[in-house]
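Structure at a glance
The residues making up each chain are set out below.
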Amino acid sequence: KRADELRKTLQTTADKYHRRVGHLSTEKSRLEVILDSITEGILVTGQDGRVQLINRALGHLFCVSEEVYGRPTAEIVRQAAVQGAIDDCLEKGVGSEVEVEIGAGAARSLDVHVAPIFSGEQCVGAVTVFYDITRLRQLERMRRDFVANVSHELRTPLTSIKGYAETLADGALDDRTAATRFIGIISTNADR
């Protein structure tokens, strides 16, 4: 009788264990699908500064495979500013943000956010999110170039308009022929 009770208890415990493992496996798969569908690079670092988790986007960004678990983050990211932010986060338990460029030639601009992971009061790791802001920086450069070009293009006709207007104000209005010619030049430059 005791053996039957022990067998039933062990079977119940084993069933609970298998259900729990199945549930954890499902949750792990769900987490992996969610992380891999996120377009930003995600790096989870343990308290020891070693990689615990990356998503597919981070792998593409830094040309690494998922074989990086347990390696120091500096081997993956290779950016002193990012590594410094991660180290500070792990040491002080405070998040930060840095902007870096990676790659040569067609460099990519990244906005990097580092946030601590707490267990109780203790910082046990960091989550680093890499936002690719390359297109935003390109658009900002295009806007600056456009403004500089427009400013340059406006400067010449405006200088001419101002010069002829000052000449008219200084007395050229009395010379009907010159005044007519100057007003024509002002009009032409205003159209430009």
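Residues numbered from 1 in each chain as written. Predicted model: local features only at pLDDT ≥ 70, side-chain atom pairs only at ≥ 80, totals over all residues. Heavy atoms only, no water.

**Remarks on the environment of isoleucine 102**
Within the secondary structure, isoleucine 102 is located in strand β3 (residues 96–102). Exposure remark for isoleucine 102: the relative accessible area of 9% places this residue in the buried category. The spatial distance from the C-alpha of isoleucine 102 to the C-alpha of arginine 78 is 9.1 Å, given a sequence separation of 24 residues. If sequence neighbours within four positions are ignored, isoleucine 102 has contacts with Leu61, Phe62, Gln79, Ala107, Arg108 and Leu110. (Helix = DSSP H or I, 4+ residues; strand = E, 2+ residues; numbered from the N terminus. Buried < 20%, exposed > 50% of the residue type's maximum accessible area, 1.4 Å probe, protein only. Contact = heavy atoms within 4.5 Å.)

**Thoughts on unusual backbone geometry**
One non-glycine residue, cysteine 63, adopts positive backbone phi at about 55 degrees. By secondary structure assignment, the location of cysteine 63 is in the loop between α2 (56–62) and α3 (73–77). Even without a glycine there, the phi angle at arginine 78 is positive, about 55 degrees. The residue arginine 78 is located in the loop between α3 and α4 (80–92) in this model.

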